[in-house]
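Residue-level listing of the chains:
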Amino acid sequence: MEVKVLFLIQDRLLPSSRVRVLNLLPELVREGIQADVLKYPKGIKGKLHLMLKCRKYDVVFLQKKLPSSIDTLFLHLFSRFLIFDFDDAIYCRHDANGKLESSTRDRRFMNIVRHADIVIAGNKILAEHAREFNPNVFVIPSAVETRNVPVKSFMGEDNITVIGWVGGSVNLHHLEMLSPVLKRLSEEFKIEVRIICDRGIDLPGVDVKFIPWSLDNQEEEIAKFDIGVMPLPDNKHSEGKCGYKALQYMAASVPPVVSDVGTNADIVGDGEEGIVVSDIEEFYDAIKVLINDLQKRKQMGIAARKRVESEYSVQKVGSKLAGIITGAFGPGMERVSCDLCGSRENIRYLTSKDYINKIEGLFNVVRCRMCDLVFTNPRPDRDEMQRFYPSTTPYYKYDEKSVKPMKVTKGIYKRFLDVYRGYAGDGKGNNLLKAYLLPIYMIKGHKLYARAIPDFVEGGRLLEVGCSYGRYLHSMEVLGWNVTGVEMSKKAVDAADELYGLKIINSNIDQVEFGEYEFDVIVLRMVLEHVFSPSLLLKKSLKWLKPGGRIIITVPDISSVEAFVFRKYFYGLQVPTHLYHFSPGTVRHYLRNFDFKEIKIYHDRTDSDFFGSLDNFIEDNPRWRFIRILRKGLFKIFVRLAITAISMICRSGRMTVYAVKSSQ
């Protein structure tokens, strides 16, 4: 499956744009990525054009740019999937500017990282900083080309040792830190310092050769070095460096001597592929050792080259980056049109992960531009989806409390059912008792609707699709219904037989057929969001229902207050097993498409979805674990009251929908 990616860079000549994007494009294309590259625009007109363009791509990949808050918001809204990549401590100023702290940079960095679906950092220090704002952070090192590049020749060495440095003029002050060391070495040995840069500098007492940098000549000139140096000050900005100079030296079999700052030690491996020093004075001893020992230089250079080929080559890094980009679009994933209206035009809604079974992956949720249906896209295909329903999934768990029938089979709720819903068997029920119970019914009767309890039909047949281990079906049987259940989990079917003696059909709903007009009620409790085509299931239900029969659907409400507050942490989201995410409007649209009428929607007052969302949030943000106090005492009472109030305005996290099949 080819994935369309728009790469947004700052400039084709900028090192990070070249190293992190342009050099990797051939590898990405080989991995099935259709890549377009665009320079990030400056003017309003260009930015508006960019936002419209973003909708045409599966992924927007923003490299290093720190957009304004407004730009970030629009990128987030118009991109189906947004990746932010950075390879420097861009949240602070460059150390050449004196003061490092920058509230503007810090704020912009935090904003784009929070809004990105995935963040890619150039080293582990940058990644740790990004994880403060987004848990979905990957480390991808900078890559160097190792194919057909000049390599250091150790034959015919003369008496002059070439110590080299390559980089931009903005970093020349780093090399100047070595001036006393290089002067001292010049007094003891025949050395030449070669600087490959856009401009040169004078180092007093040192023979310096300036070589103008160009993309065509840098690799050939680096291969002429005997030793490559990378001095860095120990500060916040330098910690973000990704060791690209060292990698360039190593790719050319030139042994590097580097400061122990940031990720340098991880790249070089002290004593094997180069030498890592803790301060500027130690550069003298390290360089002196390499000047005096040609064999050691040769061994280090060869080892350094092998290290780069195995871990930092364009091929290796490109393949790793492609794997991250296509992670949500790769094998086993399928793109789909809108099931409700058939449109292929959709916009990104959010991206989340599997908080239920903890199976690795990120999943994209989109909203149809034509009918507003929210659905997971791309989604696992039928074979891949089995992986997200393991035998250990909470969907099929039960305990001693859940084995008993639902509370509606006895007590006050049973009285409500007898009097108001026809379960007494006398038709209308006792009018005097009905009036007496009315005040309590107005307070507690809502639960009967939220729990999908239909009006009674004498001798009626009830079908539940996706009935799990059968607790609801058993309760309906106790209340007098003739029940039938369908469940795809063999484990749950066996449990229903053992617990209640229910003979449930073990099958996928797509493979089940019943006769026309066979059921008085069909119940879909937390099922419609799981099926690959809600339209197909509703079409079958319409056929199986008797004229005037009822369908009852319980689903999470993606337009609820809880969904708005928690976003990707919303408990009802449950990607990827929840393929569709309904609102009252889209459920009504579905039912009207199949000529159902008398549509009524009741919102649940349970706090379980709220606390489930809270647990998801704390999982990714452990520093907020103290808010679990909301589960206790007065806080819990307040939460329940708040959710009750929200349900009364039809905005809680779960809804139950009742509709009647036309009698015609």
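Our subject is the structure listed above.
Residues numbered from 1 in each chain as written. Predicted model: local features only at pLDDT ≥ 70, side-chain atom pairs only at ≥ 80, totals over all residues. Heavy atoms only, no water.

**Examining the overall build of the protein**
So, point 1. Helix and strand content of the protein: 27 helices and 25 strands.
So, point 2. Its C-alpha radius of gyration of 33 Å places the protein more than 25% over the 26 Å reference for a compact globule of 664 residues.
So, point 3. The dimensions of the protein, computed from C-alpha atoms along their principal axes, are 110 × 55 × 50 Å.
So, point 4. The proportion of buried residues among the 664 residues of the protein is 55%.
So, point 5. Within the protein, residue pairs in contact and separated by at least 24 positions form 70% of the contacts whose partners lie at least 6 positions apart. (Helix = DSSP H or I, 4+ residues; strand = E, 2+ residues; numbered from the N terminus. Rg over C-alpha atoms; globule rule 2.2 N^0.38 Å. Buried < 20%, exposed > 50% of the residue type's maximum accessible area, 1.4 Å probe, protein only. Contact = heavy atoms within 4.5 Å.)

**Here we look at the sheet that holds strand 23 (residues 580-581)**
So, point 1. Across the sheet, four strands lie side by side as 14-15-16-23; this open sheet has antiparallel pairing. The sheet is open, and its two edges are formed by strand 14 (346-353) and strand 23, each paired on a single side.
So, point 2. With three bridges joining them, strand 15 (residues 362-368) and strand 16 (residues 374-376) adopt antiparallel strand pairing. Opposite Val366, over in strand 16, you have Phe375 as the bridge partner. (Pairing = 2+ DSSP bridges.)

**Considerations on the environment of Glu188**
So, point 1. Structurally, Glu188 can be placed in helix 8 (residues 179-188).
So, point 2. Assessed through its relative accessible area of 38%, Glu188 is described here as partly exposed.
So, point 3. The spacing of Glu188 and Asn377 is 189 residues in sequence and 67 Å in space, taken between C-alpha atoms.

**Describing the pattern of salt bridges**
So, point 1. Taken as a whole and judged by the stated rule, the model has 39 salt bridges.
So, point 2. For Asp11, the salt bridge goes to Lys39, with nearest N and O atoms at 3.6 Å. One end of the pair, Asp11, is in the loop between strand 1 (3-9) and helix 1 (15-20); the other, Lys39, is in strand 2 (residues 33-39), with 28 residues separating them in the sequence.
So, point 3. Lys47 is the salt-bridge partner of Asp71, the closest N and O atoms lying 2.8 Å from each other. Residue Asp71 is found in helix 4 (residues 69-78), and its partner Lys47 is found in helix 3 (residues 44-54); the two are separated by 24 residues along the sequence.
So, point 4. Here the residues in one salt-bridge network are Glu27, Arg30, Glu145 and Arg147, joined through shared partners. (Salt bridge = Lys/Arg side-chain N within 4 Å of Asp/Glu carboxyl O.)

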